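Letter by letter, the chains look like this.
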Amino acid sequence: WATFEALAPINVKGKTAPVPIYRPLAVQSATRAKPAAGMVGHTRERGIITAALRALKRSAALAPNAEPADTCMVIVVEGEPGIGKSRLVEEARRRARDMNLATLSGAADPTARATVYRGWRGVFMGLLGVDAIADNATQRQQVMRALTPEQAAHAPLLEGLLPINFEDNEVTSKLQGQARADDM
């Protein structure tokens, strides 16, 4: 689903009346319906994932005060279209939830190839707690609360990753080209 802000109508060649236009404010990925039956196939992959999740659970239990980076893991699922990657990821997330482990996921979008960090958007939106917030203003406030003051000064550089309409500020407006990319 998406939410939009209505903008002033514009005149368009070939139309007699002004045409209404809209700006997207927030887009939320549709969640897939959960199949009623358990997953069939991918036995080897499910075994690997289950073993990895159990190991993570054990390491978290052995070091309850450890830094989050010491008790996390990344599982990459890749392959040709139609082989069940999305279903395997959903199964892995279900198993992680059953073990009281938090999950984040990101996915590429074939229509957004020009957006360099698009595959990471879901991960960072989840980490920053903005994935379930519909409007950009509240998302920006949440991101700013999550950042240190130094990081907050560079928040507009996150726009390519988190499209929530950050406006350039005194720090970022001076950055151009490679310097802007390097500062991100």
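Scroll up for the structure.
Reading the values: the criteria
- Residues numbered from 1 in each chain as written.
- Predicted model: local features only at pLDDT ≥ 70, side-chain atom pairs only at ≥ 80, totals over all residues.
- Heavy atoms only, no water.
- Helix = DSSP H or I, 4+ residues; strand = E, 2+ residues; numbered from the N terminus.
- Buried < 20%, exposed > 50% of the residue type's maximum accessible area, 1.4 Å probe, protein only.
- Contact = heavy atoms within 4.5 Å.
- Areas by Shrake-Rupley, 256 points an atom, 1.4 Å probe, with all protein chains shown as cover.
- Arc of directions from axis to C-beta.
- Salt bridge = Lys/Arg side-chain N within 4 Å of Asp/Glu carboxyl O.

To continue, consider the overall build of the protein chain. Secondary structure assignment for the protein chain yields 6 helices and 2 strands. Considering the protein chain as a whole, with its 184 residues, one finds that 20% of them fall into the buried category. If you take every contact in the protein chain between residues at least 6 apart in sequence, the share linking residues at least 24 apart comes to 42%. Counting only carbon and sulfur atoms, one obtains 56% of the accessible surface of the protein chain, whose full area is about 13,100 Å².

What follows is about helix H4 (residues 136–146). Regarding H4, the residues found buried are Asn 136, Gln 139 and Val 143. Looking down the long axis of H4, one finds its buried residues gathered within 60 degrees of arc, a one-sided arrangement.

On to the pattern of salt bridges, then. According to the stated counting rule, one finds 5 salt bridges in the structure shown. Residue Glu 5 pairs with Arg 23 through a salt bridge whose shortest N-O separation is 3.2 Å. Taken as a pair, Glu 5 in strand S1 (residues 2–10) and Arg 23 in strand S2 (residues 19–27) lie far apart in primary sequence, 18 residues in all. Overall, Glu 5 belongs to the partly exposed group, its relative accessible area being 31%. The class of Arg 23 is partly exposed, set by a relative accessible area of 36%. Of the charged contacts, one joins Glu 91 and Arg 95 as a salt bridge, the two residues approaching to 2.9 Å between their closest N and O atoms. One end of the pair is Glu 91 and the other is Arg 95, both in helix H2 (residues 85–98) and 4 residues apart, which spans about a single turn. An identical accessibility class is assigned to Glu 91 and Arg 95; each is buried. If you follow the salt bridges from partner to partner, you end up with Arg 87, Glu 91, Arg 94, Arg 95 and Asp 98 in one network.

Take it as geometry only, folks, not as evidence of what the structure does.
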